[in-house]
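# Structure assessment
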Amino acid sequence: MELRQLQYFVTVAQHGSFTRAAQLLHLSQPGVSSQIRQLERELGHPLFDRSGRTVRLTPVGEAVLPHARAALAAAAAARRTAQEFGGLRRGHVRLGMVAGAALTPPAELGTFPGLATTLAAFRQEHPGIDFSLTEDTTARMLDALHDGRLDLAVVGLPAPASGREGDDGWSALTGLALHTVLEVPLVAACASEHPLAAGTGPGSADSPGSGSGAGPGVPGADRSALPVAELAGHALVSTPRGTGLRTALECALAEAGVDPAVGVEAAAPPQLAELAAHGLGVAVLPDPGPLPGLRVRPLTGPVPRVRIALTWPTGRPASPPTAALVAHLRRAYPGPAAAQAPAPAQAPAGTAAPSAMCSSAAAPSSTSQSSGK
């Protein structure tokens, strides 16, 4: 019995799919299946029921799963203990990121380094520490943090999402520390010929001095506010479910009494803006700035907001390399002081996945803005 076989077993059990597990493990699906069949032969029992459309654990598989997780956790603890003897001379950090998380604000709000620059500076200080960088949705990365498959993640969250009772329902944040980097309102962006492109207020595109978030007088911007309720009946362009941006949009639509009608999904805000500019729907995203053929209007009633945040587990000790990187990133990205949320109360790993139910949408606040998701 090998640790990698246990890791494959746990990953398939968590996602109910050999194909999805292979994608996450960066392996071929036949390779994962072969290793699990070897494990089953060694144990003398099938661990999965493969007869249906989805893969399910057998009773033996359900009994073996907690022992497999415990074995993987013990192996990870042994590695961390060994790393502590070497201090920060060497080590490995598994870092997850939402698509498009550059962590760079618009120029008029001042500058701080992008993520690649920050990681390069850390690597200069600690040349023996390696990184594994992966992109995924926030929901899946929160699961990976709980399960020990990630050490640290840059996530997108509906604001304010803290894991506390009464916020947006992101109960999967329990047991994780949260450090807000940026918080940004979402806007509506659509093609210039779209029915929602033209505003009627004094800040409309035809009025003198109208402009986008990039500055006054930028063509293609319409600063008259658009009530969220007016999105009803229009095809929307958004990120997939499980992302903070999509959850913030759905929260705002629910508060306005509108059923979501997302017709096109894309991974990152720049893609959303381009799709909207080509007439595929109304994109709801952080202000993309000027783009040919695109009209941008702020949203109101309510104003949906998202935050970019660093998050890491509190229920187990961090390895020295992970702790050092967390400290480095917090110094590089101090975040809006008023938006910093204390770490939620600890909870056992494996808490519930984020809920689509939202108690309320966040009200506007004076915080930094970003084009990241």
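First, a word on what this report is: a plain description of the structure on this page. (Residues numbered from 1 in each chain as written. Predicted model: local features only at pLDDT ≥ 70, side-chain atom pairs only at ≥ 80, totals over all residues. Heavy atoms only, no water.)

### Looking at the environment of Val306
Looking at where Val306 falls in the secondary structure, it is placed in strand E14 (residues 305–313). A residue is classified by how much of its surface remains accessible, and Val306, at 2% relative accessible area, is buried. Measuring from C-alpha to C-alpha, the distance between Val306 and Leu245 comes to 6.0 Å, with 61 residues separating the pair along the chain. (Helix = DSSP H or I, 4+ residues; strand = E, 2+ residues; numbered from the N terminus. Buried < 20%, exposed > 50% of the residue type's maximum accessible area, 1.4 Å probe, protein only.)

### Description of helix H8 (residues 269–277)
Buried within H8 we find Pro269, Leu272, Ala273, Ala276 and Ala277. Take H8 and look down its axis: the buried residues cluster within an arc of 130°, on one side only. Once H8 ends, the next one or two residues include Gly279, with phi positive near 85°. (Arc of directions from axis to C-beta.)

### Digging into unusual backbone geometry
The amide bond that connects Gly301 to the next residue, Pro302, takes the cis arrangement and shows omega of 0°. A positive phi is found at His26, a non-glycine position, where the angle reads about 60°.

### Observations regarding helix H1 (residues 3–15)
Taking 1.5 Å of rise per residue, 13 residues should cover 18 Å, and H1 covers 19 Å from first to last C-alpha, within 8% of that figure. All of the buried residues along H1 are Gln5, Leu6, Tyr8, Phe9, Val10, Thr11 and Val12. Gly16 sits one or two positions beyond H1 and adopts a positive phi of about 65°. (Expected span 1.5 Å × (residues − 1).)

### Digging into the nonpolar core
Within the largest apolar cluster, 34 residues are counted, with the highest numbers of intra-cluster contacts made by Leu152, Leu325 and Leu329. Going through the elements one at a time, strand E3 (91–97), helix H5 (115–125), helix H6 (138–147), strand E5 (152–158), strand E6 (176–191), E14 and helix H9 (320–332) are the ones with two or more residues in this core. Ranked by size, the runner-up nonpolar core spans 32 residues in total, among them Ala189, Ala248, Ala252 and Leu294. (Core = buried A, V, L, I, M, F, W, Y, C linked by side-chain atoms within 4.5 Å.)

### Thoughts on the packing of H1 against helix H3 (residues 29–43)
Look at H1 against H3: their axes get within 9 Å of each other, and the N-to-C directions meet at 110°. In terms of axis orientation, H1 runs roughly perpendicular to H3. Across from Arg4, Gln5, Leu6, Tyr8, Phe9 and Val12 in H1, the residues of H3 making contact are Val32, Gln35, Ile36, Gln38, Leu39 and Glu42. Tallied by class, the residues present in the contact of H1 with H3 amount to 7 nonpolar, 3 polar and 2 charged. (Axes fitted to C-alpha atoms, helices over the stretch in contact; angles between N-to-C directions. Parallel < 35°, antiparallel > 145°, perpendicular 65-115°, else oblique. Contact = heavy atoms within 4.5 Å. Nonpolar A, V, L, I, M, F, W, Y, C, P; charged D, E, K, R; others polar.)

### Regarding the side chain of Gln5
Relative to the elements of secondary structure, Gln5 occurs in helix H1. A distance of 3.2 Å separates the side chain of Gln5 from the side chain of Gln35, its partner in a polar contact. When near neighbours in sequence (up to four residues on either side) are disregarded, Gln5 contacts Gln35, Gln38, Leu39 and Glu42. (Polar contact = N/O pair within 3.5 Å; in protein donor to acceptor, adjacent residues only side chain to side chain.)

### Comments concerning the packing of H5 against H9
Where H5 meets H9, the axes come as close as 11 Å, and the angle between the chain directions of the two elements is 130°. Here H9 runs oblique to H5, going by the angle between their axes. Crossing angle aside, the handedness with which H5 passes H9 is right-handed. Contact residues: Leu115, Thr118, Leu119, Ala121, Phe122 and Glu125 in H5; Pro321, Ala324, Leu325, His328, Leu329 and Ala332 in H9. Residues of the contact of H5 with H9, tallied by class, amount to 9 nonpolar, 2 polar and 1 charged. (Left-handed = near helix turned anticlockwise from the far one by under 90°.)

### Brief notes about the side chain of Glu183
Among the secondary structure elements, Glu183 is positioned in strand E6. A relative accessible area of 7% means that Glu183 is categorised as buried. Separated by 3.4 Å, the side chains of Glu183 and Arg305 make a polar contact.

### Overview of the pattern of salt bridges
A full pass over the atoms with the stated rule returns 12 salt bridges. One salt bridge in this structure joins Arg20 and Asp136, with 3.3 Å as the shortest N-O distance. With Arg20 in helix H2 (residues 18–25) and Asp136 in the loop between strand E4 (129–135) and H6, the pair connects residues that are 116 residues apart, well separated along the chain. Salt-bridge contacts for Arg307 lead to Glu183; the nearest nitrogen and oxygen are separated by 3.8 Å. Linking Arg307 in strand E14 with Glu183 in strand E6, this pair joins segments that are 124 residues apart in sequence. Accessibility classification places Arg307 together with Glu183 in one group, the buried group. Among the ionic contacts, a cluster of salt bridges with common partners joins Arg241, Arg246, Glu250 and Glu265. (Salt bridge = Lys/Arg side-chain N within 4 Å of Asp/Glu carboxyl O.)

### Concerning the packing of aromatic side chains
For the structure shown, the criterion picks out 3 aromatic pairs. With centroids separated by 6.0 Å and ring planes inclined at 55°, the aromatic side chains of Phe122 and Phe131 adopt a geometry described as tilted. Relative accessible area serves as the criterion here: at 1%, Phe122 is assigned to the buried category. Feature note: the residues Phe9, Phe18 and Phe48 constitute an aromatic cluster, connected by ring pairs. (Phe/Tyr/Trp six-rings, centres within 6.5 Å; stacked < 30°, edge-to-face > 60°.)

### Remarks on the environment of Gly263
Topologically, Gly263 is positioned in strand E11 (residues 262–265). Given a relative accessible area of 57%, Gly263 falls into the exposed group. As a C-alpha pair, Gly263 and Leu280 span 17 residues in sequence and 8.2 Å in three-dimensional space.

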